[in-house]
Amino acid sequence: MAAAPRFTLRTVVLDCPDAHVLADFYGRLLGWPVTESEPGWVLMRCPDGGTGLSFQSEAAYVPPAWPEQPGAQQKMLHLDIRVEDLDAAVAHAVTVGARPAAFQPQEDVRVLFDPAGHPFCLFEDGSSTSG
């Protein structure tokens with residue numbers, strides 16, 4: 001049997017109403033620079049390397065419901081973001097445009113929504129995420 005080809009995950013792409021608005025939010029949240037930009041599409045990468053984030057404008061974008069609700073647009077993925085200080089990270093995220101979810105399923109994890117309505121989780125080392 002032939003060896004499997006090598007795969008490297010480079011970027012997670014988030015659909016949204018305006019790629020540049022969402023990239024600006026995540027740039028301020030994470031401190032990452034934009035590395036490529038076109039009309040309707042933006043790429044950013046962590047200066048330390050690793051998987052990047054991309055944002056793609058979609059005219060028919062519908063934000064997901066969270067927690068999930070029957071018949072509503074379901075989330076397809078969410079970002080888990082490790083932080084050093086959960087309270088300070090939540091405060092920063094809110095300052096740059098996130099909003100906390102009303103339902104918080106775990107004491108040591110905070111679920112927030114980005115400006116396009118994607119849920120994301122902030123957690124400290126030792127937490128288990130399942131948002």
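Residues numbered from 1 in each chain as written. Predicted model: local features only at pLDDT ≥ 70, side-chain atom pairs only at ≥ 80, totals over all residues. Heavy atoms only, no water.

Now for the sheet that holds strand β5 (residues 79-82). Spatially, 4 strands are ordered β5-β8-β7-β6 in an open sheet, and the strand pairing comes out mixed. The two strands at the open ends of the sheet, each matched to only one other strand, are β5 and β6 (99-100). As judged from the 2 bridges shared by β6 and strand β7 (residues 109-113), these two strands associate in the antiparallel manner. The residue of β7 that forms the bridge with Pro100 is Leu112. (Pairing = 2+ DSSP bridges. Helix = DSSP H or I, 4+ residues; strand = E, 2+ residues; numbered from the N terminus.)

A few words now on the packing of aromatic side chains. Tallied over the entire structure, the rule returns 5 aromatic pairs. When the ring of Phe25 is compared with that of Tyr26, the centres are 4.9 Å apart and the planes differ by 80°; the resulting orientation is edge-to-face. Owing to a relative accessible area of 0%, Phe25 belongs among the buried residues under this scheme. Take Tyr26: its relative accessible area is 1%, and that puts it in the buried class. Seen in terms of ring centroids, Tyr26 and Phe120 are 6.2 Å apart; in terms of plane orientation they differ by 65°. Their pairing is edge-to-face. Linking Tyr26 in helix α1 (residues 19-30) with Phe120 in strand β8 (residues 119-123), this pair joins segments that are 94 residues apart in sequence. Accessibility assignment for this pair places Tyr26 and Phe120 in one class, buried. Three or more aromatic residues joined by ring pairs form one cluster here, namely Phe25, Tyr26, Phe55 and Phe120. (Phe/Tyr/Trp six-rings, centres within 6.5 Å; stacked < 30°, edge-to-face > 60°. Buried < 20%, exposed > 50% of the residue type's maximum accessible area, 1.4 Å probe, protein only.)

Once that is clear, we can look at α1. With 12 residues, α1 extends 16 Å from end C-alpha to end C-alpha; this agrees with the ideal 16 Å at 1.5 Å per step. Those residues of α1 that sit buried are Ala19, Leu22, Ala23, Phe25, Tyr26, Gly27 and Leu29. Lining the buried residues of α1 we find β1 (11-16), β3 (41-44), β4 (52-57), β5, α2 (86-95) and β8. Positioned one or two residues after α1, Gly31 has a phi angle of 75°, which is positive. (Expected span 1.5 Å × (residues − 1). Contact = heavy atoms within 4.5 Å.)

Core analysis: the largest hydrophobic core is formed by 28 residues, its most contacted members being Leu22, Phe25, Tyr26, Leu29, Phe55, Phe120 and Leu122. For this core, the secondary-structure elements that each account for two or more residues are β1, α1, β3, β4, β5, α2 and β8. Per element, the largest residue contribution to this core is 6 residues, and it comes from α1. Apart from residues no more than four positions distant in its own chain, Phe55 is found in contact with Leu14, Cys16, Ala19, Leu22, Ala23, Tyr26, Gly40, Trp41, Val42 and Met44. Core analysis: the next-biggest nonpolar cluster, separate from the first, contains 7 residues, Ala101, Val111, Phe113 and Cys121 among them. (Core = buried A, V, L, I, M, F, W, Y, C linked by side-chain atoms within 4.5 Å.)

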